[in-house]
Amino acid sequence: MVRGKEEKGDISEYRRKRRFEKTPEPEGGKIQSAVSAGGLSFVVHKHAASHLHYDFRIEMGGVLKSWAVPKGPSLDPSVKRLAMLVEDHPYDYKDFEGVIPQGEYGAGTVMIWDMGEWIPGDNPDEMLKKGSLKFRLNGAKLKGKWALTRMKKVSEEEGRESWLLIKERDETAVSGNGDEILEENPLSAATGRDMDEIAEGMDPKNILRGTKKKVLR
Ligand code: MN
């Protein structure tokens, strides 16, 4: 891999779709130039847009390669979750949690549902080109081995590529309940807030969930 000749991400579509004077989302002025000491980032956003979905994003080429996952990730290796490849998002988007105002692209509440490091199993650019990404996740919620696999068919709307997000069998896989990880871990990995608290713009410091429970007992 020759440094400087890597295929870089492109956030022009991301920018074209958004009005940064109206949305609190990052404009993404800079492309992340080097691998940070902490490794490559991943984030899973829970996004209550017109349809609730999850967005799976991994740092690659200085941007976040992004897939919209309508049903969210599953820890059950027999469950294959549809993941539509969407436009590259700026690297800074990994820190975005908040509300996209009504009338703007993707209007609705956005939560950092999970965050952490992704560890590619091979050269990321080559795996992307081949349509077969194998990697490990070291997140707050998602861990172990995962795969993203491109299907041959390209969806007709916008020519988006359909991929599948699949948990690979290892000690972090859980068979039998495809949605368990989503149902049992509904809070933000970044701020501990639920979707309503993010929508209300609540200061994470003012959330007394744990304390209240202790008092009631
Ligand atoms: Mn989304």
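Our structure's up above, just so we're on the same page.
Attention in this report is confined to the structure presented alongside it.

What follows deals with the overall build of the chain. Counting its regular elements, the chain contains five helices and nine strands. Reading the chain from its N end, one meets helices and strands in the order α-β-β-β-β-β-β-α-β-β-β-α-α-α. Among the 217 residues that make up the chain, the fraction classed as buried is 47%. Across the chain, every contact between residues at least 6 apart in sequence was considered, and the portion connecting residues at least 24 apart equals 58%. Surface accessibility of the chain: about 11,800 Å² in total, with carbon and sulfur atoms responsible for 50%.

Before going further, it helps to spend a moment on the nonpolar core. Grouped together as the largest cluster of nonpolar side chains are 28 residues, with contacts concentrated most on F56, W67, L133, F135 and L148. A per-element tally of this core places strand β2 (residues 52-60) first, with four residues. Ignoring any residue separated from it by four or fewer positions in sequence, one finds F56 in contact with F42, V43, V44, K65, S66, W67, V69, F135, L137, L148 and L165. In this structure, I11, Y14, Y91 and Y93 belong to the second largest nonpolar core, which totals eleven residues.

The protein atoms donating to the manganese ion are H47 (ND1), H53 (NE2) and D55 (OD), with metal-donor distances spanning 2.2 to 2.3 Å. In primary-sequence terms, the residues that donate to the manganese ion follow H-x5-H-x1-D. Here H47 and H53 have matching classes, each one buried.

This part is about the layout of surface pockets. When its volume is computed, the largest pocket comes out at roughly 670 Å³. Taken together, 26 residues make up the lining of the largest pocket; nearest its centre are H53, D55, A68, V86 and Y105. Mapped by element, the contributors of at least two residues to the lining of the largest pocket are β2, β3 (63-69) and β4 (80-90). Ranked by residues supplied to the lining of the largest pocket, first place goes to β4 with five residues. For the lining of the largest pocket, the class distribution of residues is twelve nonpolar, six polar and eight charged.

Let us look at the pattern of salt bridges. Pairing between side chains of opposite charge can happen when their charged atoms approach one another. Applying the stated criterion across every chain yields a total of 16 salt bridges. Residue D179 is joined to R81 by a salt bridge in which the shortest nitrogen-to-oxygen separation is 3.1 Å. Taken together, the residues D179 in the loop between β9 (161-167) and α3 (180-184) and R81 in strand β4 connect sequence positions 98 residues apart. Take D179: its relative accessible area is 29%, and that puts it in the partly exposed class. The closest approach of N and O atoms between D170 and K167, which form a salt bridge, is 2.9 Å. Side by side, D170 and K167 carry an identical accessibility label, which is buried.

Turning our eyes to something else, we now look at the side chain of K94. As for its placement among the helices and strands, K94 is situated in the loop between β4 and β5 (98-100). There is a polar contact of 3.3 Å between the side chain of K94 and the side chain of D95. Filtering out sequence-adjacent residues up to four positions away, K94 remains in contact with S41, V43, H45, L64 and I112.

Let us now look at the pairing of strand β7 (residues 132-139). What you see with β7 is a clean split: L133, F135, L137 and G139 sit on the buried side and S132, K134, R136 and N138 on the side with no burial. Judged from the five bridges that link them, strand β6 (residues 108-120) and β7 form a sheet pairing that is antiparallel. Each residue of the ladder has a partner; that of G116, found in β7, is G139.

About the thresholds
- Along each chain, residue indices are assigned from 1 in the same order as the chain's sequence is written.
- Whole-chain, interface and lining totals are the exception, using all residues; otherwise, since this is a predicted model, local features are given only for residues with pLDDT of at least 70 and side-chain atom pairs are given and counted only at 80 or more.
- Water and hydrogen atoms play no part in the side-chain values, which are based on all heavy atoms of the structure.
- Labels follow the DSSP assignment, with helices taken as runs of H or I lasting at least four residues and strands as runs of E lasting at least two, numbered in each case from the N terminus.
- Remark: exposure states derive from per-residue accessible area (1.4 Å probe, protein chains only) relative to the maximum for the residue type, with buried under 20%, exposed over 50%, and partly exposed in between.
- Between two residues, a contact is recorded if the distance between any of their heavy atoms is within 4.5 Å.
- Methods summary: accessible areas were calculated by the Shrake-Rupley approach with a probe of 1.4 Å, and residue burial reflects only the protein chains presented.
- Buried residues of nine kinds, namely Ala, Val, Leu, Ile, Met, Phe, Trp, Tyr and Cys, make up a nonpolar core once their side-chain atoms join them within 4.5 Å.
- Each metal's donors are the N, O and S atoms within 2.8 Å of it, or within 3.2 Å when it is Na, K or Ca, and because water is not part of the set, sites may look incomplete.
- In the cavity and pocket records, a cavity denotes points on a 1 Å grid over the protein atoms alone where a 1.4 Å probe fits but cannot get out, a pocket denotes an open set with protein on both sides within 12 Å along at least 5 of 7 lines, and lining residues are residues with an atom within 4 Å of a point.
- Grid points are joined across faces, edges and corners, and a volume is the space filled by probe spheres set on the points.
- The classification used treats Ala, Val, Leu, Ile, Met, Phe, Trp, Tyr, Cys and Pro as nonpolar, Asp, Glu, Lys and Arg as charged, and all other residues, Gly among them, as polar.
- Any Lys or Arg side-chain nitrogen found within 4 Å of a carboxyl oxygen on Asp or Glu counts as a salt bridge.
- Two N or O atoms form a polar contact when they lie within 3.5 Å of each other; inside protein one atom must be a possible hydrogen donor and the other a possible acceptor, and for residues adjacent in sequence the pair counts only when both atoms belong to side chains.
- Each pair of strands is called paired provided DSSP finds at least two bridges between the two strands.

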